[in-house]
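What follows is the residue order along each chain.
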Amino acid sequence: MASQPCDGCGESVSIAGGIANIWTQESRPTEGIVLELGDGTEHFLCYDCIDRLPDDREVRAADVAALDDRA
């Protein structure tokens, strides 16, 4: 299975699909998604980091950068 680092915490996150696991038939769920933020930037975040984003205003790149400081 392929993986990608989370832009918030830096942890390696599983990405489902693609050819990476075609021969092993490994079935692990995707552990993150790419979000387009209010300032037009895109960030790949794990679900734990998504839960830590502010929900009372539009999220921006600075909020993603602050996730690493709160980990």
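Scroll up to find the structure.
In this text, all values refer to a predicted model and were calculated from it rather than measured experimentally.

(A) Structural detail: the overall build of the chain. When helices and strands are tallied, the chain shows two helices and four strands. Listing each helix as α and each strand as β along the chain from the N terminus yields β-β-β-β-α-α. Expressed as a percentage of the 71 residues in the chain, the buried residues total 25%. The contacts in the chain between residues at least 6 apart in sequence include a share of 25% that link residues at least 24 apart. When the accessible surface of the chain is totalled, it reaches about 4700 Å², and 49% of it is carbon and sulfur.

(B) Inspection of the environment of Ala62 at higher detail. Mapped onto the elements of the fold, Ala62 is located in helix H2 (residues 61–70). Judged by relative accessible area, Ala62 falls into the exposed class, the value being 56%. Placed 23 residues apart in sequence, Ala62 and Asp39 show a C-alpha to C-alpha distance of 9.7 Å.

(C) Structural detail: the nonpolar core. Formed by Cys6, Val13, Leu37, Phe44, Leu45, Cys46, Cys49, Leu53, Val59, Val64 and Leu67, the largest nonpolar core amounts to 11 residues. Secondary-structure elements contributing two or more residues to this core are strand S4 (42–46) and H2. The dominant element in this core, judged by the number of residues it contributes, is S4, at three residues. Non-local contacts of Leu37, meaning those with residues more than four positions away in its chain, are made with His43, Val59, Arg60, Ala61 and Val64.

(D) The arrangement of the pattern of salt bridges in detail. All chains considered together, the criterion is met by two salt bridges. Asp63 is paired through a salt bridge with Arg57; the nearest N and O atoms lie 2.8 Å apart. Judged by its relative accessible area of 47%, Arg57 is partly exposed. The residue Glu58 makes a salt bridge to Arg60 at a minimum N-O spacing of 3.2 Å. Given a relative accessible area of 48%, Glu58 falls into the partly exposed group. Take Arg60: its relative accessible area is 38%, and that puts it in the partly exposed class.

About the cut-offs
Residues numbered from 1 in each chain as written. Predicted model: local features only at pLDDT ≥ 70, side-chain atom pairs only at ≥ 80, totals over all residues. Heavy atoms only, no water. Helix = DSSP H or I, 4+ residues; strand = E, 2+ residues; numbered from the N terminus. Buried < 20%, exposed > 50% of the residue type's maximum accessible area, 1.4 Å probe, protein only. Contact = heavy atoms within 4.5 Å. Areas by Shrake-Rupley, 256 points an atom, 1.4 Å probe, with all protein chains shown as cover. Core = buried A, V, L, I, M, F, W, Y, C linked by side-chain atoms within 4.5 Å. Salt bridge = Lys/Arg side-chain N within 4 Å of Asp/Glu carboxyl O.

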